[in-house]
Amino acid sequence: MARNPVAQTAYGPMVLAAIEHHEPPGQRLVDDDLAVPFLPAGMRWLVAALRPAPLRRWLIAAMDRSGPGLWVNLACRKRFIADRVDEAIGEHVARIQAVVILGAGLDTLAYRLARRTPIPVFEVDQPINIARKSATVRRVLGGPPLSVRLVALDFERDDVLTTLVEHGYRTAFRTFFVAEGVTQYLTESAVRRTLEGLRPAASGSRLVFTYVRRDFIDGTNLYGSPTLYRRVVNKLWHFGLQPDEVADFLAEYGWRLIEQAGPEQFLQRYVEPTGRHLGASDLEWSVYAEKL
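Here the structure is a predicted model, which is why all the values come from computation and not from measurement.

Novice: Account for the sheet that holds strand S6 (residues 255–261), with residues named and values stated.
Specialist: With mixed pairing, seven strands are arranged side by side in an open sheet as S3-S2-S1-S4-S5-S7-S6. Edge strands, defined here as strands with exactly one partner in the open sheet, are strand S3 (148–152) and S6. Direction aside, the axes of adjacent strands within the sheet are offset by 20 degrees on average. Here strand S1 (residues 98–102) pairs with strand S4 (residues 175–179) via five bridges, running parallel.

Novice: I'd like to hear about the side chain of Asn129, residue by residue, with values.
Specialist: Relative to the elements of secondary structure, Asn129 occurs in helix H8 (residues 127–141). Since its relative accessible area comes to 6%, Asn129 is described here as buried. A polar atom in the side chain of Asn129 sits 2.8 Å from the side chain of Arg132.

Novice: Let's hear about the pattern of salt bridges: which residues, and what values?
Specialist: Under the criterion given, the structure shown has 24 salt bridges. Two residues, Lys78 and Asp107, come together in a salt bridge whose shortest N-O distance is 2.7 Å. Highlighted residues: Lys78 in helix H6 (residues 70–90) and Asp107 in the loop between S1 and helix H7 (109–114), separated in sequence by 29 residues. On the basis of relative accessibility, which here comes to 10%, the residue Asp107 falls in the buried class.

Novice: Residues and numbers for the environment of Gly181, please.
Specialist: Note on placement: Gly181 falls in the loop between S4 and helix H10 (188–197). Judged by its relative accessible area of 16%, Gly181 falls in the buried class. Counting along the chain gives 104 residues from Gly181 to Arg77, while the straight-line C-alpha distance between them is 9.0 Å. Those residues in contact with Gly181 that sit more than four places away from it in its chain are Arg77 and Thr210.

Novice: Let's hear about unusual backbone geometry: which residues, and what values?
Specialist: A positive phi angle is found at Tyr223, which is not glycine, with a value near 50 degrees. On the basis of relative accessible area, Tyr223 is assigned to the buried category, the value being 15%. Positive phi outside glycine occurs at Asn234, with the angle close to 70 degrees. Mapped onto the elements, Asn234 comes out in the loop between helix H12 (226–232) and helix H13 (246–251).

Novice: Just give me the short version of the nonpolar core, but keep the residues and values in it.
Specialist: Among the nonpolar cores identified, the biggest contains 47 residues, and Val85, Val99, Ile101, Phe176 and Val178 are the most heavily contacted of them. Elements supplying a minimum of two residues to this core: helix H2 (11–20), helix H3 (35–38), H6, S1, H7, S4 and helix H14 (263–271). Here the element with the most residues in this core is H6; it accounts for 10 residues. The residues contacting Ile101, other than those within four sequence positions of it, are Leu109, Ala110, Val121, Phe122, Glu123, Val124 and Val178. Phe122, Phe155, Phe249 and Trp255 belong to the second largest nonpolar core, which has 35 residues in total.

Parameters at a glance
- Residues numbered from 1 in each chain as written.
- Predicted model: local features only at pLDDT ≥ 70, side-chain atom pairs only at ≥ 80, totals over all residues.
- Heavy atoms only, no water.
- Pairing = 2+ DSSP bridges.
- Helix = DSSP H or I, 4+ residues; strand = E, 2+ residues; numbered from the N terminus.
- Axes fitted to C-alpha atoms, helices over the stretch in contact; angles between N-to-C directions.
- Buried < 20%, exposed > 50% of the residue type's maximum accessible area, 1.4 Å probe, protein only.
- Polar contact = N/O pair within 3.5 Å; in protein donor to acceptor, adjacent residues only side chain to side chain.
- Salt bridge = Lys/Arg side-chain N within 4 Å of Asp/Glu carboxyl O.
- Contact = heavy atoms within 4.5 Å.
- Core = buried A, V, L, I, M, F, W, Y, C linked by side-chain atoms within 4.5 Å.

Put into structure tokens, the structure is as follows:
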């Protein structure tokens, strides 16, 4: 399978989730028992080697030197998304009828959901990641659950809803859309095209996505992460937003902002209850919205 720089980034968040699983249950920032088996053999070996707590502390400290607080952001954004999905699926009014995970990578949310609900879940990503995901699911689970469908597309060229409909999606579904760690890898035109493509989504649908701050993308504020900036901006990352413009940006496409979560919310909601002494970054934020 040909190497693809953007596709390779699918591994990082899952390695982090797998390492977090070594923490005692009450101290995990994210709890994902499928993260380890979904990784390739070499990465599973790496995760196993980090079972001793001192080695995990060393790794987190090393990551913080490159991007202060990003360990917390990457872990807590997964927790934030899982919490919002759980809430929406459990609602009795405007119950969610489908989940669409945009840029699914190796994420395991669809398969954890399949354990407890039959609602359809559509995993959407570029073809190389869908092929990798399909092979991984066959290896770990013997094949995808009946409720999960894998959808290959190019976010820069393809219409999301049209492609989903070809795989059994119905626009009448009240849908929970997830885009974790996706928007920064797209051009602004692709982000806007994706949101425009979701305009027909049923009223009461939900959307959760993450974004990198635009002042990092344009180099105005490096948030203590110059190494990260040199490695990713203009090479992998292209799009950013500022927190005070998110509500208006979403409103252009028929969405109402419900909540934004940044470092303060992540620390109070997820880190402090664990008793772990970790910082969070202001570089990346998570957004939760509802379709009007």
